[in-house]
Structure formats: structure tokens, C-alpha cells
Amino acid sequence: MNIVWLKNDLRLYDNEALNLAAKDGVVLGLFSLDELRWNTPDRSIRHKVFTLRALYELSKQLIKFKVPVYIIKGNFITTLDRLKKECGVLTLYSHQETGNFSSYSLDKKVRKWCELNQVKWVEKRQNNVIRGLKKRDLWSKKWNEFMGKDCFKQPHFDYNVVIPEIRNSQLSSPKIPDLEWNDLLKFCAIDPLALDLACNSLPVNLNKRMDTLLTSFFRERCVNYRTEMSSPLKAEYACSRLSPFLTNGMLSIRTLYKELLATKDVLKSTEVDQTQLNSLRSFEKRLHWRCHFIQKLEFEPQLEYRCMHINYEHVRNQKTLNAQEEYLLNLWKEAKTGFPLIDACMNYLKMTGWINFRMRAMLVSFASNNLWLHWTHSGEHLARLFLDYEPGIHWPQMQMQSGTTGINTIRIYNPEKQLVDQDPNQEFTTRWNPNGWPHSKIDQIVDLKNSTQSARERLWTLRKSKTFVDLAKKVYHEHGSRMRQNSRLKRRSSSNTQLTLLEE
Ligand SMILES: Cc1cc2nc3c(=O)[nH]c(=O)nc-3n(C[C@H](O)[C@H](O)[C@H](O)COP(=O)(O)OP(=O)(O)OC[C@H]3O[C@@H](n4cnc5c(N)ncnc54)[C@H](O)[C@@H]3O)c2cc1C
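As the structure is a prediction and not an experimental result, all values here were calculated from the model.

**Details of the domain arrangement of the protein**
Splitting the protein by domain gives domain 1 (2-154 + 179-198), domain 2 (206-297) and domain 3 (304-495). Its C-alpha centre places domain 2 at a distance of 25 Å from the equivalent point of domain 3. Counting residues at the interface gives 19 residues for domain 2 and 27 residues for domain 3. Taken together, the links from domain 2 to domain 3 amount to one salt bridge. Residues glutamate 390 and arginine 290 are paired through a salt bridge, measuring 3.2 Å at the closest nitrogen-oxygen approach. On inspection of domain 2 and its partner domain 3, the count reaches eight residue pairs in polar contact (both at pLDDT 80 or more).

If you want it as C-alpha cells, here you go:
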């Protein structure tokens with residue numbers, strides 16, 4: 001029997017693992033709620049409900065092909081054991097996942113179990129992240145090869161195959177399509193009140209919402225993407241808003257890329273103004289970045305908790321916070337910093353589960369630089385709030401915005417300047433600070449100028465150490481983008497600065 005372990009690939013179209021499993025015979029879908037996947041400080045009920053909803057919609061489609069899907073509540077290995085005893089020969093299929101450290105440890109346990117039990121586990125690439133990549137230089141070539149291939153069509157399931165009846169006792173789960181949505185939530189022990197608080201903006205039908213976003217983005221919303229993506233007010237409309245669907249694999253990156261190319265082709269063949277094409281070029285870059293970032297965590301899973309450049313490792317306090325740090329972190333989390341744009345962004349994020357790139361970067365820069373808090377503490381809070389939480393993007397981005405990679409320019413965002421640039425009429429800020437938390441200078445939790453200067457000095461001083469450049473070269477070799485490499489190398493080495501390698 002073929003078991004498809006459904007993870008972050010909750011779709012029929014362009015799903016290689018599902019396709020292969022269907023070709024080889026009887027298919028059974030399993031979804032694991034194992035605590036290693038779900039009970040970690042970066043995970044929240046918001047993620048769980050979105051994923052369960054996506055799974056629910058997929059299982060409704062799969063049951064039409066007689067493919068049942070079960071949710072496994074307890075230990076995943078125990079379930080695999082039971083199935084193996086009952087069904088004899090098993091093959092496990094899934095996509096290759098670059099998850100958080102905990103889900104990676106579950107993967108390792110499953111791998112070991114498969115070896116011990118002579119079960120084949122077929123894992124297929126989905127995020128265009130290259131497993132076992134030896135040389136970063138080859139990355140772009142491999143990226144293009146994968147994107148250039150055709151998408152996998154919806155799988156063809158053999159209707160004549162008889163699916164063995166799996167007894168409840170084996171899986172401790174009813175089939176999902178037999179359950180109504182509310183019963184499913186009950187089965188997964190999700191409290192309706194918590195659900196309301198965490199997911200009040202969850203659309204009723206996720207697939208429909210995704211299709212609407214996809215169509216409206218390429219037809220009209222993308223026109224001013226490049227110029228409007230940084231303003232929290234305009235980005236809401238101008239950005240694609242597809243990230244949670246990519247994270248949960250309801251949409252494959254290759255499908256999205258092909259949609260983009262098709263739109264560009266149409267535009268090129270007509271007389272259009274260049275704005276839209278420029279916007280689409282910016283969008284295309286970001287689809288590269290998505291994979292480029294996840295590749296970093298794939299190569300070095302420790303980036304979830306260890307600084308990319310080791311010199312920054314003990315600069316901030318990663319262990320138990322002292323009372324002052326705890327106090328500052330809580331004010332930041334509760335949107336009570338006294339800086340109007342910071343607080344508005346946090347309130348908006350809490351409510352919607354999304355915010356644009358620039359404001360994410362600013363929130364992190366403020367916590368890491370002005371409040372001098374370790375990025376793991378603020379990062380866990382943001383991860384729980386982001387509906388699109390993707391560990392491979394999130395942790396390297398947290399490090400980049402905190403200045404700990406050693407290969408990126410140190411950027412400290414000034415929330416007052418951002419307010420003037422990105423929300424000049426204070427429309428967003430007023431709307432998302434409804435309770436009138438004081439926003440005068442004396443209510444600010446930190447002195448902006450002094451804290452910025454102090455952070456800058458601390459971060460730059462480390463760059464002057466003897467070992468810095470050699471270690472930065474190593475980081476660049478393992479993780480750096482090769483785009484524009486040559487011109488940068490020339491420029492930097494001729495000016496003879498401390499650091500010769502910098503990526504965008
Ligand atoms: C501190 C921090 C944490 C982040 N954490 C996440 C995360 O957990 N999950 C996540 O999907 N994105 C994350 N991002 C990147 C980016 O902010 C989001 O991808 C983007 O805001 C999602 O909205 P969108 O789908 O409308 O993006 P669009 O602008 O429409 O872009 C389309 C897609 O491109 C990819 N993308 C866009 N910008 C980036 C980027 N800078 N780096 C890598 N990929 C990018 C995403 O997959 C996105 O869905 C983070 C950024 C920062 C600064």
C-alpha cells in the first residue's frame with residue numbers, strides 16, 4: 001500500500017509525490033499532528049487551523065477518487081508501525097520538507113523507522129530547494145532546470161483498486177471527509193473561542209480565495225507592485241498575498257512561476273506601459289528569493305537558533321531574559337512601544353496574520369537593535385502570528401534584519417522616518433492604533449537616537465575583528481547569492497574595506 005504523508009503539499013496539481021503514489025496503486029493519505037510538528041514555540045493555533053482547513057478541502061477532492069485521508073493525532077511512528085503490521089508492504093511518499101528543527105527531528109525518526117522496517121520513503125522536491133547541494137554556484141542552474149519542467153497534472157487514480165478498510169483502532173481517526181468541519185475541529189481539540197480569536201480573518205473557502213488572489217493579482221493588482229509594496233496601506237492590495245498558500249503547498253512555486261511567465265508574455269506582445277512589466281520583474285526576483293532563503297536553512301538547520309556569522313553569537317542575550325528584557329519584549333508584543341508605526345503594524349499583524357516585507361523588517365530591526373533583544377525571542381512571536389510562517393524564509397530573514405549574517409549590509413530602520421515615508425497621512429497608523437496608546441516622546445519605551453547609535457557601534461565593532469572577514473567568506477561560500485557577484489567583488493576589493501563579500 002502507498003501512504004502519502006501529507007505535509008505542506010495540500011494540493012492535487014503539480015504534486016509529484018501524490019502523482020507517483022497514484023501510479024503505483026492503492027493510496028492512503030495521512031496527516032500527522034505529532035507534537036514534534038505542532039507543539040513548538042514557533043507554532044500557533046492560527047497555523048493549525050489554516051492547515052487543517054486546507055487539508056479538509058483537499059480530502060473532499062481526494063475522496064472523489066476513493067482516496068481516504070486520516071488525521072493521526074498521536075505518535076506518528078506508532079501509527080506507521082500499526083499500518084505495517086496490518087498491511088505488510090508499505091511505501092511512504094511525501095515532499096522534501098525544509099521545516100523547523102523539531103519537524104526535521106521527526107523526519108529523522110521516520111527515516112530510521114523506514115530503514116529498520118525495510119520501508120521505502122520516496123521524497124520529492126517541491127520548493128525548488130536542492131537537497132544535498134554541494135556547491136552554491138550551481139544553485140541558479142538547478143533552479144532554472146526545475147522551473148523549466150512541466151507541472152505535474154492532477155494524478156490519475158485507478159478506480160478498480162480496492163482500498164483495504166482501515167479500522168479505527170489502527171489509526172485512532174475517522175476519515176476526514178466523513179467529518180464535518182466543526183467535528184474535525186473538535187476531533188483536533190481546537191477550542192472554538194481560541195479559533196475565533198486566532199483566525200477571525202480566515203476565508204470560508206481557501207481554494208476559492210487563492211484562485212481569486214491569483215487571478216486578480218496578475219490581471220490588475222500587480223501593476224504598481226514595485227512602487228507600492230513598501231507601504232503597509234498600499235501593499236495590502238498591491239502584493240500578491242499568496243504566501244500562506246505557498247507555505248501550505250496549496251499552490252506550487254512552479255505553478256506560480258509559470259503563471260507569471262504567461263502574464264509577461266501576454267504583456268510583451270501588447271503595447272503596455274512598462275510599469276506593469278517592471279513590477280512583474282520585481283515579483284519574479286522574489287520568487288527566486290523564496291527558494292534562495294529556504295536553501296539556507298536546508299543547508300544549515302541550526303540557523304533557527306544559531307547566528308549565521310559566529311562572531312555575533314553572544315552579542316545579545318539568547319537565554320532566559322532578565323526582567324528589563326522581558327518587560328521590553330512584552331511591550332513590543334502588546335503594541336505598546338510608544339512608536340505609532342511599530343504599534344500599528346503589530347496590531348494589524350495580530351488581526352490579519354500578514355504584513356508586508358518592509359514593515360516586517362522594521363518590526364524586527366526595532367526589537368533587535370533598539371531594544372537589543374535576541375532575534376530568537378522576537379522571531380518566535382512573529383512566527384506564531386505570520387499565517388505564512390515558513391521556517392526557511394523566516395529565520396534567515398530574522399538574522400538578516402538583526403545584522404547577524406555577516407554578509408549583508410547592516411540596516412537599522414528608523415520607525416519615525418518610515419512613518420513619514422510609508423504612511424505620510426497617518427491613515428494606516430491611526431486606523432491600527434484604535435485605543436489611543438500614548439504616542440508622545442515621553443511614552444516611548446526607548447530613546448531612538450541613542451539606542452540606534454549604540455546598536456550600530458556594537459554591530460560594526462565586531463566587523464573589525466581579525467577573524468571576521470575569513471568567517472564571512474565561509475558564510476558567503478555556503479549561503480550567499482551569486483547574483484551580481486563579480487561586480488560587487490571588484491568594487492569591494494578595490495576599495496579595500498574590511499569585508500570583501502556582500503550579498504543583497
Ligand atoms: C523578518 C521577516 C520574516 C519573514 N518571514 C516570512 C515567512 O515566514 N514566510 C514567508 O513566506 N515570507 C516571509 N518573509 C518574506 C516576505 O515578507 C513575505 O514573503 C511577503 O511579505 C509575503 O507576502 P506576499 O505573498 O504578498 O508577497 P509578494 O510580495 O507578493 O511576493 C510573492 C512571494 O515571493 C516570496 N517572497 C517575497 N518577498 C520575499 C523575501 N524578501 N524573501 C523571501 N521570499 C520572498 C514569498 O513566497 C511571497 O509569497 C519574511 C520577511 C521578513 C523581513
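**Topic: empty space enclosed by the protein**
As enumerated under the stated definition, the model contains 10 cavities of 30 Å³ or more in all. For the largest cavity, the calculated volume is near 790 Å³. Among the secondary structure elements, those contributing two or more residues to the lining of the largest cavity are α13 (243-247), α15 (274-299), α18 (357-370) and α20 (391-402). Broken down by element, the residue count for the lining of the largest cavity peaks at six residues, all from α15. Its residues assigned to classes, the lining of the largest cavity shows 20 nonpolar, seven polar and six charged. By volume, the second largest cavity amounts to about 200 Å³. Together, 18 residues line the second largest cavity, and Asn8, Arg43, Glu97, Thr247 and Tyr389 are the ones closest to its centre. Of all the secondary structure elements, the ones that give two or more residues to the lining of the second largest cavity are α2 (35-38) and α3 (45-63). The greatest single-element share of the lining of the second largest cavity, amounting to three residues, is contributed by α3. Partitioning the lining of the second largest cavity into residue classes produces five nonpolar, nine polar and four charged.

**Regarding the sheet that holds strand β1 (residues 2-6)**
With respect to topology, five strands assemble into an open sheet ordered β3-β2-β1-β4-β5, the strand pairing being parallel. The open sheet has two edge strands with one neighbour each: β3 (69-72) and β5 (120-124). For this sheet the average axis-to-axis angle between neighbouring strands, irrespective of direction, equals 25 degrees. In this fold helix α4 (residues 76-87) packs onto β1, β2 (27-32), β3 and β4 (91-95), with an angle of close to 160 degrees to the strand it touches most, β2.

Cut-offs used in this document
Residue positions are given per chain, counted from 1 along the sequence in the order it is written. Two thresholds apply to this predicted model, a pLDDT of at least 70 for residue-level local features and 80 or more for giving and counting side-chain atom pairs, whereas whole-chain, interface and lining totals are computed over all residues. Each side-chain value is worked out from all heavy atoms of the structure, with water and hydrogens disregarded. The domain limits used here are those given by an automatic or database domain assignment. By definition, residues are in contact when any of their heavy atoms lie within 4.5 Å. Any Lys or Arg side-chain nitrogen located within 4 Å of an Asp or Glu carboxyl oxygen qualifies as a salt bridge. Polar contacts, as counted here, are pairs of nitrogen or oxygen atoms within 3.5 Å of one another; within protein the pair requires one atom able to donate a hydrogen and one able to accept it, and residues that are adjacent in sequence qualify only if both atoms are side-chain atoms. Points on a 1 Å grid, built from protein atoms alone, make a cavity when a 1.4 Å probe fits but cannot get out and make a pocket when they are open with protein on both sides within 12 Å along at least 5 of 7 lines; residues with an atom within 4 Å of a point are the lining residues. Grid points are joined across faces, edges and corners, and a volume is the space filled by probe spheres set on the points. Only DSSP runs of H or I reaching four residues or more are called helices, and only runs of E reaching two or more are called strands; each is numbered from the N terminus. Under the convention adopted here, Pro, Cys and the residues Ala, Val, Leu, Ile, Met, Phe, Trp and Tyr are nonpolar, Asp, Glu, Lys and Arg are charged, and Gly plus all remaining residues are polar. DSSP calls a pair of strands paired once it identifies at least 2 bridges connecting them. Fitting a line to C-alpha atoms yields each axis, with helices limited to the stretch in contact; the angle taken between N-to-C directions then spans 0 to 180 degrees.

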